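Residue-level listing of the chains:
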Amino acid sequence: MPESNLAERRHRSEEQVSGAKVIAQALKTQNVEYMFGVVGIPVTEIAVAAQELGIRYIGMRNEQAACYAASAVGYLTGRPLIVIGGSSERSQETMGAFQEFPQVEACRLYSKFSARPSSIEAIPTVIEKAVRSSIYGRPGACYVDIPADFVTLQMNVNSIKYKECCMPPPVSMAETSAVCMAASVIRNARQPLLIIGKGAAYAHAEESIRKLVEQCKLPFLPTPMGKGVVPDNHPNCVSAARSRALQSADVIVLFGARLNWILHFGLPPRYQPDVKFIQVDICAEELGNNVRPAVTLLGDINAVTKQLLEQFDKTPWQYPPESKWWNTLREKMKNNEAASKELASKKSLPMNYYTVFYHVQEQLPRDCFVVSEGANTMDIGRTVLQNYLPRHRLDAGTFGTMGVGLGFAIAAALVAKDRNPGERVICVEGDSAFGFSGMEVETICRYNLPIILLIVNNNGIYQGFDTNSWKEMLKCEDATTGAPPMCLLPNSHYEQVMAAFGGKGYFVQTPEELQKSLRQTLEDTTKPSLINIMIDPQATRKAQDFQWLTRSNM
């Protein structure tokens, strides 16, 4: 053997690799594309090693926002959400070491998989299992704990064996007998309704569900993040008659939608006591939660929907488009839409929510991502701002967590840039919700992400006060005892936060100013912008038949 080859083999056998580089390579092997975080001891080297391998690292201002961004990327791309945390050195355990905490045990409560590699050599295996656990079945977060000394520890490169990228999640199908039973229940329904949830969007079931809707002429209602699986402007969408549809349906098919608080637990008085639920879900534990379903279809939502379509292909059936049920829904939709348009048409200043959203909706690109959080801002925005594409709406969702907006927007902007060039990201925030993660504006500007932030500013949480009322209220009182807990400082200029970091800021008070500023921001794709929209501090939703979230006497 030539001496040069011997020397090369000898060099290879002596080559060392750090734990940080092993972690980065293990993630790269599992096709991880994005990494979000706030670096510090001991994880800085991991971020650097990841960048060297081409993994895109986005430095956030808050770890919470970093996790929100990572979760949104996971939802949009189908790739995993893996949380990697640095812990104290192994030799210092039980001594009160820096950031010593039982992280693996604590994370088991909130993640699908939580582990600490026993050695550098074990890292690739643990990361492969974390990725696989994250994307198989119902997707969820996994946690991998890295002792500080592992990051810089050097190992012989030949001792590290990387695991191949895990297989795509297996596609499971429902039992044929259950599918036949579900089709029979649907055929016999007097007042059927489909509810399209986030799970259907994640499963990429848009084509099959739309075919089912159109072939069987069925009304459907999307959940907040199910919007766009079938376009909101589809003639069979009954979002404008949501309460009536839920309360009066006798058969409801749930496509990846959970009967949690968002759907009022499936219980009266929001539903008929004898309503028949057909649940389609990938998670067995979700079936029968809160109600006893008439039929359960366990499996991949796209695959199960195709199974249902096969039944209706064998024996064609359509729900009568001119039935009493359809006429009831159409009449309710017409009345509710008229009430919303009346509110939107009001010329008085300050503006109300409906005026703002109707002007925004007029200019929104059909293919844009809509990110939203807040109380009335998010709830009213769901009813007015339309989605025409699946996985193009991101909001606070099941946990109702505030602070998700800017992290979600950053994630959507990165995915749009890489996979859907030209699609815009519109992040609609209440002024209170914006405060949870407002410093991520600097992150947006640092990476020059052309996100449009709309702050719907009512000077408070739910409701606030105008400047004059605020001054009068505090003339003789200490703000800590005299200012209502829901109040924020009136007329705060949030647009100046964006301008401070190099973006473009607008302060608007009229429909004309709103239209002009939004038009300018949509035309400028070179920098981020923030439009601070002042509305009536006492503005609220139109009258509701039922309380939406929780009751309050305030």
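Source: prediction; values computed, not measured.

Draft legend 1. View of the packing of aromatic side chains. Evaluated as defined, the whole model comprises 5 aromatic pairs. Measuring from ring centre to ring centre gives 6.4 Å for Tyr75 and Tyr202, while their planes differ by 25°; the resulting arrangement is stacked. Remark: Tyr202 occurs in helix α9 (residues 198-202) and Tyr75 occurs in helix α4 (residues 63-77); sequence separation between them is 127 residues. Here Tyr75 falls in the buried class, since its relative accessible area comes to 6%. Judged by relative accessible area, Tyr202 falls into the partly exposed class, the value being 22%.

Draft legend 2. Focus on the nonpolar core. The biggest cluster of nonpolar side chains holds 104 residues, and the ones touching the most others in it are Phe36, Ile209, Phe255, Leu297, Ile451 and Leu453. Counting 35 residues, the second largest nonpolar core, distinct from the first, contains Ile23, Ala26, Val43 and Phe150.

Draft legend 3. Up close: the sheet that holds strand β19 (residues 504-508). Reading across from one edge, β14-β13-β15-β16-β20-β19 is the order of the 6 strands in this open sheet, with parallel pairing throughout. Of all strands in the sheet, those bounded by a partner on one side alone are β14 (393-395) and β19. When strand polarity is set aside, the average angle formed by the axes of neighbouring strands in this sheet is 15°. Note that β19 and strand β20 (residues 529-534) share 5 bridges and pair parallel. Counted as the bridge partner of Tyr506 is Ile531 from β20.

Draft legend 4. A look at helix α16 (residues 405-419). Along its 15 residues, α16 runs 21 Å from first to last C-alpha, staying within 8% of the 21 Å computed at 1.5 Å per residue. Most of α16 is tucked away, with 12 of its 15 residues classed as buried. Among the residues making up α16, those that are buried are Gly405, Leu406, Gly407, Phe408, Ala409, Ile410, Ala411, Ala412, Ala413, Leu414, Val415 and Ala416.

Draft legend 5. Local environment of unusual backbone geometry. Following Pro268, the chain continues into Pro269 via a peptide bond in cis, with omega recorded as 5°. Within the fold, Pro269 resides in the loop between β10 (251-255) and β11 (276-281). With an omega of -5°, the peptide bond between Leu349 and Pro350 qualifies as cis. Relative to the helices and strands, Pro350 resides in the loop between α13 (324-344) and α14 (353-363). One non-glycine residue, Asn491, adopts positive backbone phi at about 55°. If you trace the backbone, Asn491 turns up in the loop between α20 (479-482) and α21 (495-500).

Draft legend 6. Spatial organisation of the pattern of salt bridges. Per the stated rule, a full pass over the model turns up 17 salt bridges. One salt bridge in this structure joins Glu206 and Arg391, with 2.9 Å as the shortest N-O distance. Here Glu206, found in helix α10 (residues 206-216), pairs with Arg391, found in the loop between α15 (376-384) and β14; they are 185 residues apart in sequence, far enough to count as distant. A single burial state applies to Glu206 and to Arg391, both of which are buried. The partner of Arg382 in a salt bridge is Asp379, and the shortest N-O contact between them spans 3.4 Å. Here Arg382 and its partner Asp379 are both found in helix α15, 3 residues apart, which amounts to about one turn of the helix. Comparing Arg382 with Asp379, the two get one shared label, buried. Residues joined by salt bridges that share partners form a network here, namely Asp379, Arg382, Arg393 and Asp395.

Draft legend 7. Fine view of the packing of α14 against α15. Remark: α14 packs on α15, axes separated minimally by 10 Å, with the N-to-C direction vectors making an angle of 50°. When the axes of α14 and α15 are compared, the pair comes out oblique. Crossing angle aside, the handedness with which α14 passes α15 is right-handed. Contacts between α14 and α15 involve Tyr353, Tyr354, Phe357, Tyr358 and Gln361 from the first element and Asn376, Thr377, Ile380, Gly381 and Val384 from the second.

Draft legend 8. Molecular detail of the pairing of strand β16 (residues 451-457). When you tally the buried positions in β16, you get 7 out of 7 residues, the bulk of the element. The alternating pattern of β16 places Ile451, Leu453, Ile455 and Asn457 and Ile452, Leu454 and Val456 on opposite faces, both of which are buried. Relative to β20, β16 runs parallel, the two sharing 6 bridges. Paired with Leu454 across the bridge in β20 is Ile531.

Draft legend 9. Spotlight on the side chain of Asn387. By the element assignment, Asn387 lies in the loop between α15 and β14. Taking relative accessible area as the criterion, Asn387 reaches 1% and is therefore assigned buried. Polar contacts involving the side chain of Asn387 include one to the main-chain carbonyl oxygen of His392, which spans 3.0 Å.

Draft legend 10. Molecular detail of the packing of helix α8 (residues 176-187) against helix α12 (residues 301-314). For the pair α8 and α12, interaxial distance at closest approach is 9 Å and the crossing angle is 60°. The interaxial crossing formed by α8 with α12 has right-handed handedness. Taking contact as the criterion, the partners of Val179, Cys180, Ala182, Ala183, Ile186 and Arg187 in α8 are, on α12, Gln307, Leu308, Gln311 and Phe312. Class assignment of the residues belonging to the contact of α8 with α12 gives a composition of 7 nonpolar, 2 polar and 1 charged.

Draft legend 11. Spatial organisation of the sheet that holds strand β12 (residues 295-298). Strand order in the open sheet formed by 5 strands is β9-β8-β10-β11-β12, and the pairing between neighbours is parallel. Across the chains shown, the open sheet's two edge strands, defined by having one partner strand only, are β9 (220-222) and β12. Going across the sheet, the axis of each strand differs from the next one's by a mean of 15°, ignoring polarity. In terms of strand pairing, β10 meets β11 through 5 bridges, oriented parallel. When the sheet's bridge partners are listed, Val253 is paired in β11 with Ile278. Each of β8 (192-196), β9 and β10 touches α10; the most contacted strand, β8, lies at about 165° to it.

The rules behind these values
- Residues numbered from 1 in each chain as written.
- Predicted model: local features only at pLDDT ≥ 70, side-chain atom pairs only at ≥ 80, totals over all residues.
- Heavy atoms only, no water.
- Phe/Tyr/Trp six-rings, centres within 6.5 Å; stacked < 30°, edge-to-face > 60°.
- Helix = DSSP H or I, 4+ residues; strand = E, 2+ residues; numbered from the N terminus.
- Buried < 20%, exposed > 50% of the residue type's maximum accessible area, 1.4 Å probe, protein only.
- Core = buried A, V, L, I, M, F, W, Y, C linked by side-chain atoms within 4.5 Å.
- Pairing = 2+ DSSP bridges.
- Axes fitted to C-alpha atoms, helices over the stretch in contact; angles between N-to-C directions.
- Expected span 1.5 Å × (residues − 1).
- Salt bridge = Lys/Arg side-chain N within 4 Å of Asp/Glu carboxyl O.
- Parallel < 35°, antiparallel > 145°, perpendicular 65-115°, else oblique.
- Left-handed = near helix turned anticlockwise from the far one by under 90°.
- Contact = heavy atoms within 4.5 Å.
- Polar contact = N/O pair within 3.5 Å; in protein donor to acceptor, adjacent residues only side chain to side chain.
- Nonpolar A, V, L, I, M, F, W, Y, C, P; charged D, E, K, R; others polar.

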